[in-house]
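Fold and geometry: a report
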Amino acid sequence: MKLKIVIGLLLSGLVLIISCQSEDDLEFTRYYSNGMMVYQSKCQNCHGAKGEGLQSLIPPLTDSAYLKTSKSTLACGIKYGLKGKINIAQKQFEGQMPATDVTAVEIAEVLTYVTNSFGNKMSVFTAQQVSNDLAKCR
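What this report covers is the structure whose coordinates are included nearby. (Residues numbered from 1 in each chain as written. Predicted model: local features only at pLDDT ≥ 70, side-chain atom pairs only at ≥ 80, totals over all residues. Heavy atoms only, no water.)

1. Quick word on the state of the cysteines
One pass over the structure, following the stated rule, counts one disulfide. Paired through a disulfide, Cys76 and Cys137 show a sulfur-sulfur distance of 1.9 Å. Across the S-S bond linking Cys76 and Cys137, the dihedral sits near -95 degrees, which makes this disulfide left-handed. Linking Cys76 in helix 5 (residues 74-80) with Cys137 in the segment after helix 7 (127-135), this pair joins segments that are 61 residues apart in sequence. For Cys76, a relative accessible area of 13% puts it in the buried group. Of the cysteine sulfurs around Cys43, a residue in no disulfide, the closest is that of Cys46, at 8.6 Å. (Disulfide = S-S within 2.5 Å. Helix = DSSP H or I, 4+ residues; strand = E, 2+ residues; numbered from the N terminus. Buried < 20%, exposed > 50% of the residue type's maximum accessible area, 1.4 Å probe, protein only.)

As structure tokens, then:
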């Protein structure tokens, strides 16, 4: 009987803690979790499980300085691909990243995951923000 009461109290406490998360925390968790799945299915093959890239062929996703300074163009690179030279982590990469057939929501999710993984710590990318950035792509 005492065990049931203790388990009931623990479950009640857990429910209380979870329900106390802010809407922003819940949104971050949702975007981050979904972004991990998008990353694993569409990005990990080239950029690696830990965002380490592939030597001088494929850039790493661990350079938060590049991610922060390129924040408004990251969505364009994912959606429409990249070609030419880019400097990341004090190394130059030249090649081509193919365009992808992902939605604005998926881009927001994968950007939230990437920019908050691999040693990076940024904020949530929303679908609206990504849509606005995509409208400005050249």
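2. Brief notes about the packing of aromatic side chains
What the rule picks out here adds up to five aromatic pairs. Aromatic side chains Tyr39 and Tyr113 sit 5.5 Å apart centroid to centroid with 45 degrees between the ring planes, which places their arrangement in the tilted category. With Tyr39 in helix 2 (residues 23-42) and Tyr113 in helix 6 (residues 104-114), this pair connects stretches of sequence that are 74 residues apart. Taking the relative accessible area as the measure of exposure, Tyr113 reaches 8% and is therefore buried. Positioned above the aromatic ring of Phe125, the side-chain terminus of Lys71 is 5.4 Å from the ring centre. (Phe/Tyr/Trp six-rings, centres within 6.5 Å; stacked < 30°, edge-to-face > 60°. Lys NZ or Arg CZ within 6 Å of the ring centre and 35° of its normal.)

3. Overview of the pairing of strand 1 (residues 82-88)
Two strands pair when backbone bridges link them, and strand 1 and strand 2 (residues 91-97) are joined in this way by seven bridges, in the antiparallel orientation. Paired with Leu82 across the strands is Met97, a residue of strand 2. Between strand 1 and strand 2, which pair antiparallel in sequence order, lie two residues; one of them, Ala89, sits at a positive phi of approximately 55 degrees. (Pairing = 2+ DSSP bridges.)

4. A word on the packing of helix 2 against helix 6
Direction vectors running N to C along helix 2 and helix 6 enclose 95 degrees, while the axes themselves pass 7 Å from each other. By the angle between their directions, the pair helix 2 and helix 6 is classed as roughly perpendicular. Contacts between helix 2 and helix 6 pair Phe28, Tyr31, Tyr32, Asn34, Gly35, Met36, Val38 and Tyr39 from the former with Glu106, Ala108, Glu109, Val110, Thr112, Tyr113 and Val114 from the latter. When grouped by side-chain class, the residues that make up the contact of helix 2 with helix 6 number 10 nonpolar, three polar and two charged. (Axes fitted to C-alpha atoms, helices over the stretch in contact; angles between N-to-C directions. Parallel < 35°, antiparallel > 145°, perpendicular 65-115°, else oblique. Contact = heavy atoms within 4.5 Å. Nonpolar A, V, L, I, M, F, W, Y, C, P; charged D, E, K, R; others polar.)

5. What about the packing of helix 6 against helix 7?
It is the contact of helix 6 with helix 7, at a shortest axis distance of 8 Å, that shows an interaxial angle of 110 degrees. With respect to helix 7, the axis of helix 6 lies roughly perpendicular. Contact residues: Ala104, Val105, Ile107, Ala108 and Leu111 in helix 6; Ala127, Val130, Ser131 and Leu134 in helix 7. Of the residues contributing to the contact of helix 6 with helix 7, the split by class is eight nonpolar, one polar and no charged.

6. Re the pattern of salt bridges
Charged atoms that come close allow side chains of opposite charge to pair. Taken as a whole, this structure holds one salt bridge when the rule is applied. For the salt bridge of Asp101 with Lys42, the shortest nitrogen-to-oxygen distance reads 3.6 Å. Of this pair, Asp101 sits in the loop between strand 2 and helix 6 while Lys42 sits in helix 2, and the two are 59 residues apart along the sequence. (Salt bridge = Lys/Arg side-chain N within 4 Å of Asp/Glu carboxyl O.)

7. With respect to helix 6
Counting buried residues in helix 6 gives eight out of 11 residues, a clear majority hidden from the surface. Residues of helix 6 that are buried: Ile107, Ala108, Glu109, Val110, Leu111, Thr112, Tyr113 and Val114. For helix 6, the secondary structure elements touched by its buried residues are helix 2, helix 4 (64-69), helix 5 and helix 7.

Shape descriptors only; they carry no functional weight alone.
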